[in-house]
Amino acid sequence: MRRKPSDHRALLASTIIHLRSRKAISRSALAKALNASASTLGLYVDQLSAMGYIEEVGLEKANVGRPQRVLGLISSAGWFAGLEFNAQRVQAVSVDFSGKRLGVENRTLPVNPEMPTVLRALVDALEKLAAARSEPLLGIGIGAPGIVDRKRGIARYFSFVKDWKNVPIADVFRQRFRVPTTLENNLRVIALAERWFGEGRDLNDYVVLGPRSGLGISIMHNGELMRGAHEIAGEVGLWTWPQPDGTQAMHDLLSATAVYRRLARLGEDAVLPEDLRPAISQVAIPGSPEWKSVVLDFARVVRSIQLLVDPEKIFLHGPLTSLGMPFCEEISQQVLTLPPQLPDMQIRLEPSSLGDDAGALGAASLAMEEWEPQV
């Protein structure tokens, strides 16, 4: 049966994704992974080779039979851009066609930035990256904080940027750079960064916990991002949490800024340092009442996440990773003391091995995963 052009493009794109992940690098392995016949897969490979996207890079020894020809992507076929921002800064990352990180651009935002300022900084960072590349830009991924309308490419709401409501951010970049542009929540793109560049390569079920300007999680379930019916899955910062002085939203207690002020015993309006990462580690005193209070609150969040989605692992992202493995291990141990008792189901919280550019890397990963060759 003759395939529709959209189906054909999707199969070609899937071939490239499998090669980029290096989980299938020969024609036979690709045919098995894509549930295609050897002859059909051969046609895909020939077409992608003629288009300048893949090439043969050697031979793979086989235990039985003839060696398999190893396929690889041509890194100079093009590049992808990833953009991500919060209330303090914007970042842009370039990634070549094979998935190798190329460059990064950072822009610091003024205190209490407004929407036009953020957009200008994002465009400026991407233009700086583009000026350094001679290959064609193939796609842009954008990781936006807060609530997004992924299908329409609209950033709906982010409370920490003034006038950030229903911003048609994907259209802004499509019109300026003339390439496909995809929008996603910034914590969800970080989950993609874990898949392509971090410790999530071999996991199907994991969660990213992101105490940053606010607090949220992203959920990878059965290898797919969980978004929800209204794309608000993971907005745990909006959970309310009982406190001795009244009920508060979680992001008021466990965002990176809130944790810094709690550990430093400062008021909620206290001026923040420019770089929270070293500042948090400087004010943290393991075993202090403030430390124990933060650990207990995070343990409650982790246990709630475990009961909701049962992940294999939770990756901590953001400035609190400066507290290292001891902080995560203490939270994991605290979880064991919370009801219900689950002695054979210990959840593992780990600081991510990725750095501050994880969001931009994840947005570039989004662009890689969404891209399809034009046929």
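Residues numbered from 1 in each chain as written. Predicted model: local features only at pLDDT ≥ 70, side-chain atom pairs only at ≥ 80, totals over all residues. Heavy atoms only, no water.

## Quick look at the sheet that holds strand 8 (residues 154–157)
The 3 strands lie next to each other as 7-8-9, forming an open sheet whose pairing is antiparallel. Each edge of the sheet is formed by a strand with only one pairing partner; in this case those strands are strand 7 (147–149) and strand 9 (165–167). Strand-to-strand twist across the sheet, computed as the mean angle between neighbouring axes with direction ignored, equals 20°. Where strand 8 and strand 9 come together, 2 bridges link them in antiparallel fashion. Bridge pairing in strand 9 links Ala155 to Val167. (Pairing = 2+ DSSP bridges. Helix = DSSP H or I, 4+ residues; strand = E, 2+ residues; numbered from the N terminus. Axes fitted to C-alpha atoms, helices over the stretch in contact; angles between N-to-C directions.)

## Thoughts on the sheet that holds strand 3 (residues 79–85)
Across the sheet, which stays open at both edges, the 5 strands sit in the order 5-4-3-6-10 with mixed pairing between neighbours. Each edge of the sheet is formed by a strand with only one pairing partner; in this case those strands are strand 5 (101–108) and strand 10 (181–185). Averaged over all adjacent pairs, the angle separating strand axes in this sheet is 15°, with direction ignored. Sitting on the sheet, helix 6 (residues 186–197) touches strand 3, strand 4 (89–96), strand 6 (137–144) and strand 10, and the angle it makes with strand 10 is about 105°. Lying on the sheet, helix 12 (residues 358–370) is in contact with strand 3, strand 4, strand 5, strand 6 and strand 10; it crosses strand 3 at an angle near 135°. (Contact = heavy atoms within 4.5 Å.)

## Some words on the pattern of salt bridges
Counted according to the given criterion, the structure contains 25 salt bridges. Linking Asp357 and Arg101 is a salt bridge whose minimum nitrogen-to-oxygen distance equals 2.7 Å. Placement of Asp357 in the loop between strand 17 (349–351) and helix 12 and of Arg101 in strand 5 is noted, with a sequence separation of 256 residues between them. Note that Arg227 is salt-bridged to Glu184, the shortest N-O span being 2.7 Å. Of the two residues, Arg227 sits in the loop between strand 13 (224–225) and strand 14 (240–243) while Glu184 sits in strand 10, which places them 43 residues apart along the sequence. (Salt bridge = Lys/Arg side-chain N within 4 Å of Asp/Glu carboxyl O.)

## So, the nonpolar core
Judged by nonpolar contacts, the single largest core of 45 residues is most densely connected at Tyr53 and Phe97. Only helix 1 (5–21), helix 2 (27–33), helix 3 (38–50), strand 2 (68–73), strand 4, helix 6, strand 11 (206–211) and helix 12 provide two or more residues apiece to this core. In terms of residue count, the dominant contributor to this core is helix 6 (8 residues). When near neighbours in sequence (up to four residues on either side) are disregarded, Phe97 contacts Ile16, Arg20, Tyr53, Leu73, Ile74, Ser75, Ala77, Gly78, Phe80, Leu138 and Trp371. Leu263, Ile280, Ala299 and Val301 belong to the second-largest nonpolar core, a separate cluster that totals 38 residues. (Core = buried A, V, L, I, M, F, W, Y, C linked by side-chain atoms within 4.5 Å. Buried < 20%, exposed > 50% of the residue type's maximum accessible area, 1.4 Å probe, protein only.)

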